[in-house]
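Understanding the architecture of this molecule
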Amino acid sequence: MSEKKARGSVDLLNGPILKGLILFMIPIVISSAFQQLYNAVDTAIVGNVLGENSLAAIGACASVFEMMVGFCTSLGNGFAMVAARSFGSGDEDKMKRSVAGSIVIGLITCAVLTILSMLFLRPLLQLINTPASILDESYAYIRVIGMWLIVMFIYNMCSGMLRSIGNSLMPLVFLIISSILNIFLDLLLIKTFNMGVVGAAVATVIAQGVSAVLCIIYILRETKVLIPSRKHFNVGADLYKDLAGQGYSMAFMGSIVSIGSITLQSGINSLGEMIIAGHVAARKIYMLFNLPFISMGLAVSTFISQNKGANKGKRILKAMKLAYIYDFIGAAAVTAILLLFGREFIHLITGSTNDVILSNGSRYLYLVGPFYAVLGVLMQTRFALQGLGSKLIPLISSVIELVGKIIFTILLIPKFGYNAVIFCEPVIWCFMTAQLLYAFNTNKYIREVRAEA
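Keep in mind that this is a model prediction, so the values were computed, not measured.

**Focus on the overall build of the chain**
- Broken down by element type, the chain carries 16 helices and zero strands.
- A globule of 453 residues ought to have a C-alpha radius of gyration of about 22 Å, and the chain, at 21 Å, matches this closely.
- Over its C-alpha atoms, taken along the principal directions, the chain stretches across nearly 60 × 45 × 35 Å.
- Across the 453 residues of the chain, 58% fall into the buried class.

**Brief notes about the confidence of the model for the chain**
- Put simply, the chain has an average pLDDT of 88, and 96% of its residues get 70 or more.
- By mean pLDDT, the top-scoring element of the chain is helix H13 (residues 372-387) (94), and the lowest-scoring one is helix H1 (residues 17-50) (80).

**A look at helix H7 (residues 169-192)**
- Spanning 24 residues, H7 covers 34 Å between terminal C-alpha atoms, matching the ideal 34 Å at 1.5 Å per step.
- Of all the residues in H7, the buried ones are Met170, Pro171, Leu172, Phe174, Leu175, Ser178, Ser179, Asn182, Leu185, Asp186, Leu189 and Ile190.
- Positive backbone phi, approximately 55 degrees, marks asparagine 194, located one or two places after H7.

**With respect to the side chain of asparagine 77**
- Its place among the elements puts asparagine 77 in helix H3 (residues 62-89).
- Discounting residues that sit within four places of it in the chain, asparagine 77 has contacts with Arg163, Met250 and Leu298.

**Some words on the nonpolar core**
- By size, the foremost hydrophobic cluster in this structure holds 77 residues, and its most contacted members are Leu21, Val300, Ile304, Leu338, Ile346, Tyr364 and Tyr372.
- If you tally residues by element for this core, the top one is helix H10 (residues 273-309), at 16 residues.
- Dropping the residues within four chain positions of it, isoleucine 346 is found in contact with Gly278, Ala281, Ala282, Ile285, Ile357, Leu358, Gly361, Ser362 and Leu365.
- The next biggest cluster of nonpolar side chains, apart from the first, holds 61 residues, and it includes Ile165, Phe174, Tyr218 and Leu226.

**Thoughts on a positive patch on the surface**
- There is a patch of like positive charges on the surface, built from Lys314, Lys318, Lys321 and Arg450.
- No other element matches helix H11 (residues 313-350), which puts three residues into the positive patch.
- Along the polypeptide, lysine 321 turns up in helix H11.
- Classification of lysine 321 as exposed rests on a relative accessible area of 60%.

**Overview of the pattern of salt bridges**
- Applying the stated criterion across every chain, the model contains nine salt bridges.
- As a salt-bridge pair, lysine 391 and aspartate 242 come within 3.6 Å of each other at their nearest N and O atoms. Separated by 149 residues along the polypeptide, lysine 391 in the loop between H13 and helix H14 (392-416) and aspartate 242 in helix H9 (residues 237-269) bring together distant segments of the chain.
- One salt bridge connects glutamate 425 with arginine 283, and the closest N-O pair in it is separated by 2.5 Å. Of this pair, glutamate 425 sits in helix H15 (residues 418-441) while arginine 283 is found in helix H10, placing the two residues 142 residues apart along the sequence. When sorted by exposure, glutamate 425 lands in the same class as arginine 283, which is buried.
- Residues joined by salt bridges that share partners form a network here, namely Arg283, Glu401, Lys405 and Glu425.

**Focus: the packing of aromatic side chains**
- Inspection of every chain in the model, using the stated rule, returns 11 aromatic pairs.
- For the pair phenylalanine 289 and phenylalanine 345, a centre-to-centre distance of 5.9 Å together with 40 degrees between the ring planes defines the contact as tilted. Here phenylalanine 289, found in helix H10, pairs with phenylalanine 345, found in helix H11; they are 56 residues apart in sequence, far enough to count as distant.
- The exposure class assigned to phenylalanine 289 is buried, which follows from its relative accessible area of 18%.

**Thoughts on the packing of helix H6 (residues 149-164) against helix H8 (residues 196-222)**
- Contact geometry for H6 and H8: axes closest at 8 Å, N-to-C directions at 35 degrees. Considering only the axes of H6 and H8, their crossing is left-handed. Contacts between H6 and H8 involve Val151, Met152, Ile154, Tyr155, Cys158, Ser159 and Leu162 from the former and Thr204, Val205, Gln208, Gly209, Ser211, Ala212, Cys215, Ile216, Tyr218 and Ile219 from the latter.
- Per-class residue counts for the contact of H6 with H8 are 12 nonpolar, five polar and no charged.

**Details of helix H5 (residues 132-147)**
- Here H5 contains 16 residues, and its C-alpha end-to-end distance of 23 Å stays within 8% of the 22 Å for a straight helix at 1.5 Å per residue.
- Buried within H5 are the following residues: Ile134, Leu135, Ser138, Tyr139, Tyr141, Ile142, Val144, Ile145 and Gly146.

**Describing the environment of valine 213**
- Summarising the element assignment, valine 213 is placed in helix H8.
- Sequence separation between valine 213 and glycine 76 is 137 residues; the distance between their C-alpha atoms is 16 Å.

**Re the side chain of serine 102**
- With respect to the helices and strands, serine 102 occurs in helix H4 (residues 92-127).
- Judged by its relative accessible area of 0%, serine 102 is buried.
- When sequence neighbours within four positions are dropped, the list of residues in contact with serine 102 reads Phe79, Phe153, Met157, Met161 and Leu243.

**Quick look at a nonpolar patch on the surface**
- Residues Ile108, Val112, Ile115, Leu116, Leu119 and Phe120 make up a contiguous nonpolar surface patch of about 590 Å² in total accessible area.
- Positionally, valine 112 belongs in helix H4.
- Of the residues examined, valine 112 reaches a relative accessible area of 44% and is grouped as partly exposed.

Conventions we followed
Residues numbered from 1 in each chain as written. Predicted model: local features only at pLDDT ≥ 70, side-chain atom pairs only at ≥ 80, totals over all residues. Heavy atoms only, no water. Helix = DSSP H or I, 4+ residues; strand = E, 2+ residues; numbered from the N terminus. Rg over C-alpha atoms; globule rule 2.2 N^0.38 Å. Buried < 20%, exposed > 50% of the residue type's maximum accessible area, 1.4 Å probe, protein only. pLDDT = per-residue confidence, 0-100. Expected span 1.5 Å × (residues − 1). Contact = heavy atoms within 4.5 Å. Core = buried A, V, L, I, M, F, W, Y, C linked by side-chain atoms within 4.5 Å. Patch = residues over 30% accessible without salt bridge, like charges linked within 9 Å, V, L, I, M, F, W, Y side chains within 5 Å. Areas by Shrake-Rupley, 256 points an atom, 1.4 Å probe, with all protein chains shown as cover. Salt bridge = Lys/Arg side-chain N within 4 Å of Asp/Glu carboxyl O. Lys, Arg positive; Asp, Glu negative; His and termini not counted. Charge placed at Lys NZ, Arg CZ, Asp CG, Glu CD. Phe/Tyr/Trp six-rings, centres within 6.5 Å; stacked < 30°, edge-to-face > 60°. Axes fitted to C-alpha atoms, helices over the stretch in contact; angles between N-to-C directions. Left-handed = near helix turned anticlockwise from the far one by under 90°. Nonpolar A, V, L, I, M, F, W, Y, C, P; charged D, E, K, R; others polar.

This is the structure in structure tokens:
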């Protein structure tokens, strides 16, 4: 297809593997950093302008925010994997039908999710033990996000489709523009117009909406292979099944993970406002340093989807070895940075000098650092399995995570307090990684490729 050489695209089907992965991944890292910046800037401005209680209000609903936005993002990424396999095989008609089917399924799904969020967000916040003193602020913030999930989905589906044809650069350009707008709107709505936490939510929605519009305009002008005509909306049952299976598999995987996070959040919320504030700051920093690993996972998923479509199995095996080496080197670098500057990062995010906030947040970062190696292998392997078309195995890994978080929340956090929160995810990651590595090495396609080598 002509888009293989389009502006901003990387050829993942030919040439040096590591170079292709890195070139494709770098814009995703930066793009993901700006996405994280949306919420991190909200957090920093809220903490410094509105105070610790408002910071805790956003923190108390952080896991709910991640669940809603994560579902839409994962759904779009799942659709993109199907499109990437069509691109790798050179089937332009199927590529366009994949886009058409993604639009139909995505819009219906977002409409349902928006209705559900309006009905159940406040009861959900109460269910996870959000303190009464911050409940109204938490709900005011998350309600705005829930009303505009469609904006989040449109951008992430469009950017996912661009990545499916090897273009990870242009979504970054649009997101940089909207991120700068987000910072401006945060200051304007929170500080000048005194809209409180609602201003932070409105700024996030408007800024992401701008990036969605820019992405759509670019696709219409530059990437004709992603523009379906009326005939392509006759998607066909088999392709709808593939899209729904891959999309919902990823989305429900993310939702199960988020349900586990919400369960864990209920245990954290029971520890009080200062623990919540310290933990939410630590999680923002954790997520920022997680970006190089999850971005490599996204690069791996597109690489594998395209190369499976082109039946280039040996390139897949080489790519996985290189990705694992990358994980261990990256984890060593991140660990050193967090050990040196963890406490300063917590202070920067919160604007607080409270020792409870600073010490608990930094302790989380000190422990999680070395486990980025495990988390990296986990994500590369899970994304690889999804790129191969596996739908059930990634869900099983998410169930392991959910069960683990339930056990920690019910049995260990009441007894060991925040120490149990700190150890919860690293311990669970080890079990998940073992399961995923076994599944990858016993995958039928991988065994066939190795047998031919």
